[in-house]
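Spelled out, the chains give:
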Amino acid sequence: MSYGPRRAVLVLIDGARADVLRELLERGDLPNLARWVIEPGGFGVGTTVFPSTTGVAYIPFLFGRYPGSVGIPGIRWLDRRRAAGGWLEQWHAARSYCGVQGGWINRDILPAPSLFDLVPESIAICTPLTRGLVPGANRILLRRAVLGAAAHYAGTYAALDRAVARAWLAAAAEPWRFLFVVFPGVDGITHLKDPTHSAVLESYRLVDRALGDFVTRLQKEGNDLPAFFVVSDHGATVMREHRDVAVLLEQDDVPTLRHPVHVWRRGARVATMVSGNASVQLYFEPRSGRARPRSEAEIPGALLERLVAFPGVRLAACRADTEGLIVRTKSSRARLTEAAGLIRYEPETGDPLGLGGPVEMADRELLSRTRETDVPDAPRQLLQLFQTSRAGDVVLAAEPGTDFRGPWEIPEHRAGHGSLIAEHMEVPLAASMALPDAPIRTVDLMPTIVEHLGAAVPDSVTFDGVPFSRLAATTEPVSR
Ligand SMILES: [Zn+2]
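Enquirer: Mind showing me how you'd approach the state of the cysteines here?
Expert: Any covalent bond linking the sulfur atoms of two cysteines counts as a disulfide. On inspection of all chains with the given rule, the structure shows 0 disulfides. Of the cysteine sulfurs around Cys98, a residue in no disulfide, the closest is that of Cys126, at 15 Å.

Enquirer: What's the story with the sheet that holds strand E15 (residues 325-328) in this structure? I'm lost.
Expert: Within the open sheet, the 9 strands sit side by side as E11-E12-E13-E19-E14-E15-E16-E17-E18. Their pairing is mixed. Two strands bound the open sheet, and with one partner strand each, they are strand E11 (256-257) and strand E18 (359-362). Here helix H13 (residues 363-370) sits on the sheet and contacts strand E17 (342-349) and E18; the angle it forms with E18, its principal contact strand, is near 120°. Packing against the sheet, helix H14 (residues 378-385) makes contact with strand E13 (279-284), strand E14 (313-319), E15, strand E16 (333-339), E17 and strand E19 (394-398), and its axis sits at approximately 75° to E16.

Enquirer: Please clarify how the environment of Ala415 should be interpreted in this entry.
Expert: In this structure, Ala415 sits in strand E21 (residues 415-416). Ala415 sits in the buried class, given a relative accessible area of 0%. Distance from Ala415 to Leu366, taken between C-alpha atoms, is 30 Å for residues 49 residues apart in sequence. Contact partners of Ala415, with chain neighbours within four places excluded, come to Thr190, His191, Lys193, Asp194, Pro195, Thr237, Val238 and Met239.

Enquirer: Which parts of the structure should I look at to understand the environment of Val466?
Expert: Position of Val466 relative to the elements: it lies in the loop between helix H16 (445-453) and helix H17 (468-471). A residue is classified by how much of its surface remains accessible, and Val466, at 1% relative accessible area, is buried.

Enquirer: Got a minute to help me understand the pairing of E16 in this structure?
Expert: Put simply, side chains in a regular strand alternate between the two faces of the sheet. Taken together, the 4 bridges between E15 and E16 define a ladder with antiparallel strand orientation. Considered in E16, the bridge of Val327 is made with Ala334. Taking the residues that link successive antiparallel strands as the turn, the E15-E16 hairpin has 4 residues. Note: E16 against E17, 7 bridges, orientation antiparallel. Bridge pairing in E17 places Ala334 opposite Pro347.

Enquirer: When you look at the coordination of the zinc ion in this model, what are you seeing that I'm missing?
Expert: Working reference: metal with six octahedral donors, ideal angles 90 or 180 degrees; metal with four tetrahedral donors, ideal angle 109.5 degrees. Looking at the zinc ion, one finds its protein donor set to be Asp14 (OD), Thr54 (OG1), Asp233 (OD) and His234 (NE2), positioned 1.9 to 2.3 Å from the metal centre. For the zinc ion, the 4 donor atoms are set out with angles of 99 to 120° between them, so the coordination reads as tetrahedral. Read in sequence order, the donor residues for the zinc ion give the motif D-x39-T-x178-D-H. Of the two residues, Thr54 sits in the loop between strand E2 (42-47) and helix H3 (59-63) while Asp233 sits in the loop between strand E8 (225-231) and strand E9 (237-238), which places them 179 residues apart along the sequence.

Enquirer: Please explain the nonpolar core as it appears in this structure.
Expert: Generally speaking, soluble globular proteins have nonpolar side chains that are buried together. Counting residues in hydrophobic clusters, the biggest one holds 105 residues, and the most contacted among them are Leu33, Trp168, Phe178, Phe180, Phe183 and Phe229. For this core, the leading source of residues is helix H10 (residues 198-220), giving 10 residues. Apart from residues lying up to four places away in sequence, Trp168 is in contact with Val9, Val11, Ile125, Leu179, Val181, Phe183, Val207, Ala210, Leu211, Phe214 and Phe228.

Rules used throughout
- Residues numbered from 1 in each chain as written.
- Predicted model: local features only at pLDDT ≥ 70, side-chain atom pairs only at ≥ 80, totals over all residues.
- Heavy atoms only, no water.
- Disulfide = S-S within 2.5 Å.
- Pairing = 2+ DSSP bridges.
- Helix = DSSP H or I, 4+ residues; strand = E, 2+ residues; numbered from the N terminus.
- Contact = heavy atoms within 4.5 Å.
- Axes fitted to C-alpha atoms, helices over the stretch in contact; angles between N-to-C directions.
- Buried < 20%, exposed > 50% of the residue type's maximum accessible area, 1.4 Å probe, protein only.
- Donors = N, O, S within 2.8 Å, 3.2 Å for Na, K, Ca; no water.
- Tetrahedral: all angles 85-135°; square planar, octahedral: opposite > 155°, others 65-115°.
- Core = buried A, V, L, I, M, F, W, Y, C linked by side-chain atoms within 4.5 Å.

This is how it looks when you write it as C-alpha cells:
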C-alpha cells in the first residue's frame, strides 16, 4: 500500500483521552487506527492549549497558532470596551461561543490564514471553525446544528457521529487535498457520563469503524492512502464539585456579570467567563469601558486573595505590574517572563508550577521539563493566553475534580475539562508518518500538514508550532 504524498486527513476525536485511547488500542478495539495510522507511523501523547476547551483548542490544528496569538482567550470572554455600551452592546460584549454566538469565533480570530486558506482543496465535516473554506466545503452544516442541539440536550451524540461518518465516506471520492473530520461524540457523552463510560468507549469504536470504511472506499476506487493524523483537542476528568465562582462572589455581595442570563447584571463589579468548565477568566469593573487589562496592583487585593483561596483552584495567574505574569496559589507565588528566546520562572514563595526551583530555558526544553509536572506546558500556555488583551485580568485553573460552573450548566456536566492539569492538557496523537522523538504540541500539527502537502505559505505568515521534520533537530520555533 502506498501513501500518497500530497493528501492529508486530520481526524479530531473531540475530548479523547490519551490513556483511554491507548487502552482500547491495546485491547484490539481500534484495529483500523492501529493498521492504517499507527503501524506505518506512530502514537504518542501531545499537549493542547489553555484553556483546554472545544473550539478554542481547535485553533492550533487549523491556524498553527495559539489561541492567545490570534485573540481568542476562551470559549467565553468579555469585550471590555463594548461592555460599557447599551443593552445590545452588553450582550455582544459577553462573548460565548457555546450558543447563538458560536459562529462569531470565525470573525473574532485575528487575521491569519487557516489551513483551509492555504489549501483551498479542503473539505471539513462538523467543524465550528470554518474560516477559509470555499463554498460547499463545509459539510453537514445543517445536521451539525440540528443533531448537535438534540445531542446536547438529549445525549444523542451517536446519531451526530454517524452523520459525520457518512459524510466522511461520501467525501472519499472527491478531489480534496485536505480533509478535516470532527467527531463530537466522545466529548459530548463524556460531559454527561464520565470519560470511561461504555457509551464513550463505543464512540471511539465508531470512529475506528468509520476510518476502516473510508480506507476501504479509497482502496476500492484505486486511490493511494493519504497521510492520516488522529488527534484530540483536550482530555477530561470526572467533576465532583461545581464551584461556580460567580455564585461564590455574589454570596460575598460582589455583583457578578455571567452567562447565560446575568450578562446585564446591574452594578457588576466582576465578570466571570468560564471555559471548559474548569477554567475561568475574571474581568474587574466590567462596565468601566476601560479597554486596557489590569495588572496585579490594579486588581482589588482582597478579592484576588479570595479567588486564590477558593477550594478547587489549582492556580491563578495575572499580569505582573512590570513585565510578564504572576502565578499564584494560596501559599505560593512566582514570576514568569520571556526574553531573548528564554522563558524564566522565578518562584518568590513556594513553587506554584512544581518545577522544583527557578528555571530559565528555551521553549521546547521547558516543555519537556514541564511534561513531568501536574500542569504540563503551563509556562508557555499562560504566556500565550495573556498575549491577548482580551484575556481576563485574572485566570483560574481548577484542580482535578472541580469545575467553575454550577446551576446554569444544563444538562449537568458530570465530567469536563478546560484546566491546565495533565488530565485535561494531554491528548492522544496518532499519525501515519514517523513522530519526532520530542514532546509534541497540538500547534505543531498544522505546520506538519502544510509541509506534507507542499502548500505555499506567504513569507509574512508565522506559526507558533514547528513541523515534525524539524522538531527533533531544533529547540526553537523555526518559522518566526
Ligand atoms: Zn472539545
